Amino acid sequence: MNTLLHDITSQHFFLLSRKKYATIKNLCAVAGLLFAHASNATVSTQQIPLPPDSNEPESICGSTIDYQDVEQYDGTLGPSIAFVNQHQGPVGQLQWDNNLSAIYNDPGNVQNVRWCSGTLISANLFLTAGHCFDVQNNDGFGWDFPIDNATGDEITPQVAAQRMHVNFNYQEDPNGNLRTATVVDVVAMHEYRLNGLDYAVLELVGSPGNQFGSTAISTNAPAVGDELSIIQHPAGIPKVIEAGNYEGLATSGGLTGYMRYSDLDTQGGSSGSGILNEFGAIVGVHTNAGCSATGGANHGVPMDVIVAASPILTDILDDALYDFGDVNLWVASYGQNAGGWRTDRHPRMMADVNGDGYEDIVGFGNAGAYVSLSTGVGFTSPSLWVGSYGYNAGGWRVEQHPRIMADVNGDGLADIVGFGNAGAYVSLSTGSNFTAPALWVGSYGYNAGGWRVGLHPREMADVNGDGRADIVGFGNAGVYVSLSTGSGFTNPSLWVGSYGYNAGGWRVDRHPRILADVDNDGRDDIVGFGNAGAYVSLSTGSGFSAPSLWIGSYGYNAGGWRVDQHPRVITDVNGDGLKDIVGFGNAGAYVSLSSGFNFSSPSLWVGSYGYNAGGWRVDRHPRILADVNGDNRDDIVGFGNAGAYVSLSTGFGFTSPQLGRNSFGYNAGGWRVDLHPRFMSDVNGDSKADIVGFGNAGASVSLSNFP
C-alpha cells in the first residue's frame, strides 16, 4: 500500500460555530471527511469542515483548545509574537462561492461554506490540501458537490476549485473586531494529488502575494522535538495560531511517512494549512486529524515528498536559490587584481551620473575619477571623467579626504563632493564627464577647519527640501550645515550644539550619526545613536531642533550596542515614507518604526543576521537594506558565509532568511570586507536593487529576479 495514499472507508461530517465550538473543549473524536484505515491504531481524519447533519464532535489534542487569534496572540504557545505577525499574512481561507444556485440546477449544499486553509507561496500561487477538492458523492449525507448541468455528474476537482475563492485578512484585530476580508478568486488548479499526494496548487487572480506576502517552502525536515506552528482557519473561524512539537514521521498504519504532532490542535477547516518550522518556512501541509483527549496525533504530508512530485514547487524552490540571477562579470576593472584597486586607497561607489535611471560605477583611482556607465546589461569600459580626487591625482587619501556622490545642483545627475585639505570641492556631472574641481566652501577640510575622519563625520543630505544635497558636518561644537545654492555652499552655520566631539562627547567608534527624513516632510533629519538611545533632531529648513530621545534603545549604554558588533541603519521598511530604525543586535534584526514624532519599541522582526543569531560579524558579513522586489519597502540583504541571504519586508516583519545567491560570501567566493566592496544598486532601471560586487577580477553583477 502507498503509505501516502488514503483508503476512503466512510464519510462523517460536522460544522460548528465558534461559539458552540468553545463549549465542547473536552470532546475529542473524529473530524472532517473521514479517511480512516481499519489497520490504524488511532483514527485519523482528513479535515474538511463538518456539516450540521453530523453527530461527530471535533477533534482536539488534549482537553482544551489552545489556539489563539493571530492579532491577539500573547506569545505563550512558543513562537514569538513577532513570528506570528511576520507569517500570518499569506495564510488564507478557502470558501465556496455564493452563486452556485445560479449556475447549477442542483448546487449541492456547499454554497458559501467556509472550507479549508492554505498559504501563498508566491505572488499568485496558493498551496493547500488535495482532499479539499475530492468529489463528494452527493449521496444525501454530508457534503454534496454541485451537479454538472450537462453531464449529470458531480463537478470535477478542477471545476470545484474555480467555484471557490480565498479570504485573506479574515481575522480579528487586537480589540476583537472582525476585519474586512480581502476576497481573491481562484483562476485555476495547476496541480492536484500528483503521485497520489494530498496537496494542491491553485493560481489566484492578480498578485495577492505582493500585498499579503508569501511563505518560503523548505525540504529540510525538522528534527524531532523542533517547534512547529500552524496558522489556520479551524471550523471556518477567523485566523488563529497554534504550535507544538514535531514527533517525527509516523512509522505504522495508513499514515506511515506522514509528519506527526500530538500537541498541536487542528480542526475541520484546518486542512491545507502550511506546517511552519521555527524559521517560518513551510515544511509540510497539514492534512489529517487524529487527536483525542487521551492520545493520538495530527498529521501532514512532508514538503520534501511533495516537492519531489511537484514541478511547480520544484521550480519555486529552485527559484528561491536564484532570486538573484547568475553572477556575471560586467566590467573587468575596479578589482583587486583587475587594475590593482585597493579598499584603503581607491573608493568605489554606485551612483546615477547620467540620469538614465541606471546606477553607474564611480571609482577613485590613482589618476582620478573613473566612470563606467551601466547599459542595463553591462558596464562600459572605465573612462577618466576628471583627473583629480585620486591617490596620485591630488594626493587624496581615504583616511583624510572623504569623497561622496550627491546631486548638489538638482539636475538629477550625481556629482562629486570631495573634502580635501582646503575645504569641500565639487565636480558637477554633465552626463559625460565631471567638471574641474571647484572649491565651493573653504571649510570641512583637513587643513580648513582641522576636520578628521576619525573625529568628524561629514554627510551629504537635503536638509531644506530644495532638491539639492547640502553639507552636514559633525564638528567639535556640534552640527554645522552649508546649504547648496546650486553653484556653491553657504558658509558653515551651527544648526544644533550637540552630536559633536566636544558638544555631547560623541565618538565615531561609539555613536553612529545618520541623516534621514523621519517625519516625511522632505527634509533630512539627524538620528544619533548616543549612550542613552536614539536621539532625533528634526530639520526646520534653517536649523535642527534640540536633541530628543525618541527611543531608549540601540545605544551604547541603552542595550549595549557596539559599532563593531551591531550595525544600525535608518531606512523605510513599511513604505509609509517615514524612515525607521533597523538594528542588527545579538538576537537578530530589530525594528523601531517611526511615527513622525518617536520610534516604536524595538521589535525582533527576524531572528537572524545577529551577532549571536547566526554568528554574523561586521568584519566578515556586510548587511545592507535595499528594496529588492520593488514594493517600496526596504529588505535585508546579508552577505553571509554561504552567499547573499535575503529577508523581505512585509511591512510588519522580515521573512526568514533565504539564500538568494550562492556567491558574494565569505566562503562562497572568498569575498572579504577589506578587499571586495559590495553594493545594492539598481543597475538596470527596474526599481529593484541588484548586487554589485567588486571582486578580484572586476565588477560582477547579480540582477534581482524577485517578483
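Summarised in this report is the structure supplied together with it. (Residues numbered from 1 in each chain as written. Predicted model: local features only at pLDDT ≥ 70, side-chain atom pairs only at ≥ 80, totals over all residues. Heavy atoms only, no water.)

## Observations concerning the overall build of the protein chain
- A tally of regular secondary structure across the protein chain gives seven helices and 43 strands.
- The C-alpha atoms of the protein chain give a radius of gyration of 29 Å, which matches the 27 Å a tight globule of 707 residues would have.
- Taken over the C-alpha atoms alone, the protein chain extends approximately 90 × 50 × 45 Å along its principal axes.
- Relative to its full complement of 707 residues, the protein chain shows a buried share of 58%.
- Considering only contacts in the protein chain between residues 6 or more positions apart, those separated by 24 or more positions represent 56%.
- Roughly 25000 Å² of accessible area belongs to the protein chain as shown, and the carbon and sulfur atoms make up 47% of that amount. (Helix = DSSP H or I, 4+ residues; strand = E, 2+ residues; numbered from the N terminus. Rg over C-alpha atoms; globule rule 2.2 N^0.38 Å. Buried < 20%, exposed > 50% of the residue type's maximum accessible area, 1.4 Å probe, protein only. Contact = heavy atoms within 4.5 Å. Areas by Shrake-Rupley, 256 points an atom, 1.4 Å probe, with all protein chains shown as cover.)

## Quick look at the pattern of salt bridges
- Tallying each qualifying case throughout the model produces eight salt bridges.
- Of the charged contacts, one joins glutamate 71 and arginine 179 as a salt bridge, the two residues approaching to 2.6 Å between their closest N and O atoms. Of this pair, glutamate 71 sits in the loop between strand S3 (68-69) and helix H2 (81-87) while arginine 179 sits in the loop between strand S7 (164-168) and strand S8 (182-192), and the two are 108 residues apart along the sequence.
- In this structure, a network of salt bridges that share partners links the residues Asp134, Arg193 and Asp198. (Salt bridge = Lys/Arg side-chain N within 4 Å of Asp/Glu carboxyl O.)

## Some points on the packing of aromatic side chains
- Tallied over the full model, the rule gives 31 aromatic pairs.
- Ring geometry for phenylalanine 419 and tyrosine 444: centres 6.5 Å apart, planes at 75°, overall edge-to-face. One end of the pair, phenylalanine 419, is in strand S22 (residues 415-419); the other, tyrosine 444, is in the loop between strand S24 (438-441) and strand S25 (458-461), with 25 residues separating them in the sequence.
- Residue classification places phenylalanine 419 among the buried positions, given a relative accessible area of 0%.
- The exposure class of tyrosine 444 is buried, given its relative accessible area of 0%.
- It is arginine 458 that lies over the ring of phenylalanine 419; its NZ or CZ is 5.6 Å from the centre.
- Stacked on the ring of phenylalanine 474, the Lys or Arg arginine 513 has its end atom at 5.5 Å from the ring centre. (Phe/Tyr/Trp six-rings, centres within 6.5 Å; stacked < 30°, edge-to-face > 60°. Lys NZ or Arg CZ within 6 Å of the ring centre and 35° of its normal.)

## Considerations on the state of the cysteines
- With the rule as written, the count across this model stands at one disulfide.
- Note that cysteine 116 is cross-linked by a disulfide to cysteine 132, the S-S spacing being 2.1 Å. Here cysteine 116 and cysteine 132 share a disulfide; its torsion about the S-S bond, -105°, makes the bridge left-handed. With cysteine 116 in strand S5 (residues 114-120) and cysteine 132 in the loop between strand S6 (125-128) and helix H4 (157-162), the pair connects residues that are 16 residues apart, well separated along the chain.
- Residue cysteine 116 is classed as buried on the basis of its relative accessible area, which comes to 1%. (Disulfide = S-S within 2.5 Å.)

## Let's talk about the layout of surface pockets
- Its volume calculated, the second largest pocket comes out at about 1000 Å³.
- In terms of lining, the second largest pocket is formed by 40 residues, of which the most central are Asn277, Phe279, Ser656, Pro657 and Gln658.
- Where the lining of the second largest pocket is concerned, the elements lending two or more residues are H2, strand S10 (227-232), helix H7 (311-321), strand S36 (603-606) and strand S40 (658-661).
- Here the element with the most residues in the lining of the second largest pocket is H2; it accounts for four residues. (1 Å grid on protein atoms, 1.4 Å probe; cavity = no way out; pocket = protein on both sides within 12 Å on 5 of 7 lines; lining within 4 Å. Points joined across faces, edges and corners; volume = space filled by probe spheres on them.)

## Side note on the side chain of asparagine 288
- Inspection of the secondary structure assignment puts asparagine 288 in strand S14 (residues 282-289).
- In this structure the side chain of asparagine 288 is engaged in a polar contact, spanning 2.7 Å, whose partner is the side chain of threonine 287. (Polar contact = N/O pair within 3.5 Å; in protein donor to acceptor, adjacent residues only side chain to side chain.)

## Digging into unusual backbone geometry
- At tyrosine 444, a position not held by glycine, the phi torsion is positive, near 65°.
- With a phi close to 65°, tyrosine 499 is a non-glycine residue in the positive phi region.
- Its place among the elements puts tyrosine 499 in the loop between strand S28 (493-496) and strand S29 (513-516).

## Structural notes on the sheet that holds strand S41 (residues 678-681)
- Taken in spatial order, the four strands line up as S16-S43-S42-S41 in an open sheet, and their pairing is antiparallel. The sheet is open, and its two borders are formed by strand S16 (328-331) and S41, each paired with just one other strand. Ignoring strand direction, the axes of neighbouring strands in this sheet form an average angle of 35°.
- Pairing analysis gives three bridges linking S16 to strand S43 (residues 699-702), with the strands arranged antiparallel. Residue pairing across strands places valine 331 opposite alanine 699, the latter belonging to S43. (Pairing = 2+ DSSP bridges. Axes fitted to C-alpha atoms, helices over the stretch in contact; angles between N-to-C directions.)

Taken by themselves, the reported measurements are silent on function.
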